[in-house]
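Listed below, chain by chain, are the residues.
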Amino acid sequence: MFYSDVKQRTPLADYDQILVWITIVLLSLGLVMVYSASIAIAEGSRVTGFQPMHYLTRHGIFIAISLAMAIVSFQIPIRLWQQSALYLFLFGLLMLALVLIPGVGREVNGSQRWLSLYFVNLQPSEFMKLFVVIYAADYTVRKAAYMHSLRKGFLPMFAVMVLTGGLLLREPDFGAFAVITVIAMGILFLGGMNWRLFAGLLLMLVVSFLLLIWFSPYRMQRVIGFMDPWADAYGKGYQLSHALIAFGRGEWFGVGLGASVEKLFYLPEAHTDFLLAVIAEELGFVGVAVIAVMFAWIVIRAFAIGLRASALERHFAALIAHGIGLWLGVQAIINMGVNMGVLPTKGLTLPLLSFGGSAIAATCCAIAVLLRVDWENRQLMRGLAV
């Protein structure tokens, strides 16, 4: 009786309302900015049929589908996510392998990262981020007693990540590999991995990343171009130099919505990887700062939800929340860093904002799972209060 009365008095206290509204605001802002950044490209491209609203229409459909997927994801109890962890991860590996098969995977701009579903292209690496969060959380909980063991705790997970990384680097998708590595490492560390093992793993990863850059000419060229984009402003540094020009033009309050010049065929990938540069030009420093604060709030709430789950001894749920926070935070930081010229150019979208169906769908599902963790926390706390 008391539980029913509480539900009637506080019908909106079952979920984090601010987290939901921030997600909606970011999706809405992304819809507006994708339209603004893509209208000139869409109007002047034969691929889009010279339709100025081509990307706006597709992005709107992507958001609608993603929200439907998020609603379904929220309905799934966390225990079912845990029971499905291995199967989801294996499914993700299968999709990554299918991408590499000639005639099955689709190549765009020199990278073979997509599976064609005829009406839309699916990018498995985006969903693999969520699958890795779930699998790493499950692995850490199952292996909690062996987190101090090199052979039983570290090596099995290391072998799995090497396999995943090998498939991603074959596409190549170095950005997704970096994000997934951070997710797995972060969850292992938060799950109690021995600090010496973690330090050794961190050192190995740094050396591996440096070797991957050193022995890959196109990655080395990106690093060189990032270090001094103005040295070859019409070559290696072209994209970054125009992104920096966009930031410079925006100043404090921007030139006004729709008034960007850099999106007019100067800045490549203006509606995807470099959407933040257009936002900076049109909405200025203030617009970029507001977006950064909203992402910071999402990360803070993810860790707060995880800490509450941990206090309730829901360790798998806690690690999922922490993993989602790490994923969204790290990817947002990398994208912002790339746009601002403080990190080498990588093919990573800005979560919830950039054009891209797979990325939006995976991110919306992740936030739905995070909200599910929070919802179950609140239900359990209510039950304890009774």
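Presented here is an overview of the structure given in this document. Note that the structure is a prediction, hence the values are computed from the model and not measured.

Summed over all chains, the structure comprises zero disulfides. There is no disulfide at cysteine 364, and the cysteine sulfur nearest it, in cysteine 365, is 7.1 Å away. Cysteine 364 sits in the buried class, given a relative accessible area of 4%.

Applying the stated criterion to the full structure yields one cavity of 30 Å³ or more. Computed from the structure, the largest cavity encloses a volume of approximately 30 Å³. Every residue lining the largest cavity is listed: Thr349, Leu350, Pro351, Leu352, Ser354, Gly356, Ala359, Ile360 and Thr363. Looking at the lining of the largest cavity residue by residue, the class counts come to five nonpolar, four polar and no charged.

Below, the discussion takes up the packing of aromatic side chains. Inspection of the entire model under this criterion finds eight aromatic pairs. Residues phenylalanine 74 and tryptophan 375 carry aromatic rings whose centres are separated by 6.4 Å and whose planes lie at 75 degrees to one another, so their mutual orientation is edge-to-face. With phenylalanine 74 in helix 3 (residues 54-75) and tryptophan 375 in helix 14 (residues 357-385), this pair connects stretches of sequence that are 301 residues apart. When its relative accessible area of 22% is taken as the criterion, phenylalanine 74 is described as partly exposed. In textbook terms, an aromatic cluster arises when at least three aromatic residues are bridged by ring pairs, as seen for Tyr55, Phe62 and Phe355. In this arrangement the basic side chain of arginine 372 is found over the ring face of phenylalanine 74, its NZ or CZ atom lying 5.9 Å from the centre.

Bringing the packing of helix 12 (residues 275-311) against helix 14 into the picture now. Between helix 12 and helix 14, the least distance of the axes is 10 Å, while the angle of their chain directions is 40 degrees. In terms of orientation, helix 12 lies oblique with respect to helix 14. The crossing of helix 12 and helix 14 is left-handed. Across the interface between the two elements, Arg301, Ala302, Ile305, Arg308 and Ala309 from helix 12 touch Leu370, Val373, Asp374, Asn377, Arg378 and Met381 from helix 14. Residues of the contact of helix 12 with helix 14, tallied by class, amount to six nonpolar, one polar and four charged.

A few words now on the pattern of salt bridges. Summed over the entire model, instances satisfying the criterion amount to ten salt bridges. One salt-bridge network, held together by shared partners, links Arg308, Asp374 and Arg378.

This part covers the sheet that holds strand 1 (residues 105-108). Spatially, three strands are ordered 1-2-3 in an open sheet, and the strand pairing comes out antiparallel. Two strands bound the open sheet, and with one partner strand each, they are strand 1 and strand 3 (121-122). Bridging between strand 2 (residues 111-116) and strand 3 involves two bridges; their strand directions are antiparallel. Of the residues in strand 3, the one forming a bridge with serine 116 is asparagine 121.

Okay, the side chain of glutamate 376 next. Topologically, glutamate 376 is positioned in helix 14. Residue glutamate 376 is classed as buried on the basis of its relative accessible area of 15%. Separated by 2.4 Å, the side chains of glutamate 376 and arginine 314 make a polar contact.

With that out of the way, let us pick up the nonpolar core. Core analysis: the largest hydrophobic core is formed by 107 residues, its most contacted members being Phe295, Ile320 and Trp327. Not counting chain neighbours up to four residues away, the residues in contact with tryptophan 327 comprise Glu126, Lys129, Leu130, Val133, Val179, Ile183, Ala362, Thr363 and Ala366.

A few words now on the pairing of strand 1. Sheet topology places strand 1 next to strand 2; four bridges connect them, and they run antiparallel. Note on strand 2: the bridge partner recorded for glutamate 107 is glutamine 112. Connecting the antiparallel pair strand 1 and strand 2 is a turn made up of two residues, with asparagine 109 showing a positive phi of about 55 degrees.

This brings us to helix 5 (residues 85-99). For helix 5, which comprises 15 residues, the first-to-last C-alpha distance of 21 Å matches the rise-based estimate of 21 Å (1.5 Å per residue) to within 8%. All of the buried residues along helix 5 are Ala85, Leu88, Phe89, Gly92, Leu93, Met95, Leu96 and Val99. One side of helix 5 holds all its buried residues, which, seen down the axis, span an arc of 160 degrees.

Rules of the game
Residues numbered from 1 in each chain as written. Predicted model: local features only at pLDDT ≥ 70, side-chain atom pairs only at ≥ 80, totals over all residues. Heavy atoms only, no water. Disulfide = S-S within 2.5 Å. Buried < 20%, exposed > 50% of the residue type's maximum accessible area, 1.4 Å probe, protein only. 1 Å grid on protein atoms, 1.4 Å probe; cavity = no way out; pocket = protein on both sides within 12 Å on 5 of 7 lines; lining within 4 Å. Points joined across faces, edges and corners; volume = space filled by probe spheres on them. Nonpolar A, V, L, I, M, F, W, Y, C, P; charged D, E, K, R; others polar. Phe/Tyr/Trp six-rings, centres within 6.5 Å; stacked < 30°, edge-to-face > 60°. Helix = DSSP H or I, 4+ residues; strand = E, 2+ residues; numbered from the N terminus. Lys NZ or Arg CZ within 6 Å of the ring centre and 35° of its normal. Axes fitted to C-alpha atoms, helices over the stretch in contact; angles between N-to-C directions. Parallel < 35°, antiparallel > 145°, perpendicular 65-115°, else oblique. Left-handed = near helix turned anticlockwise from the far one by under 90°. Contact = heavy atoms within 4.5 Å. Salt bridge = Lys/Arg side-chain N within 4 Å of Asp/Glu carboxyl O. Pairing = 2+ DSSP bridges. Polar contact = N/O pair within 3.5 Å; in protein donor to acceptor, adjacent residues only side chain to side chain. Core = buried A, V, L, I, M, F, W, Y, C linked by side-chain atoms within 4.5 Å. Expected span 1.5 Å × (residues − 1). Arc of directions from axis to C-beta.

Functional significance is not addressed by these values, which are geometric in nature.
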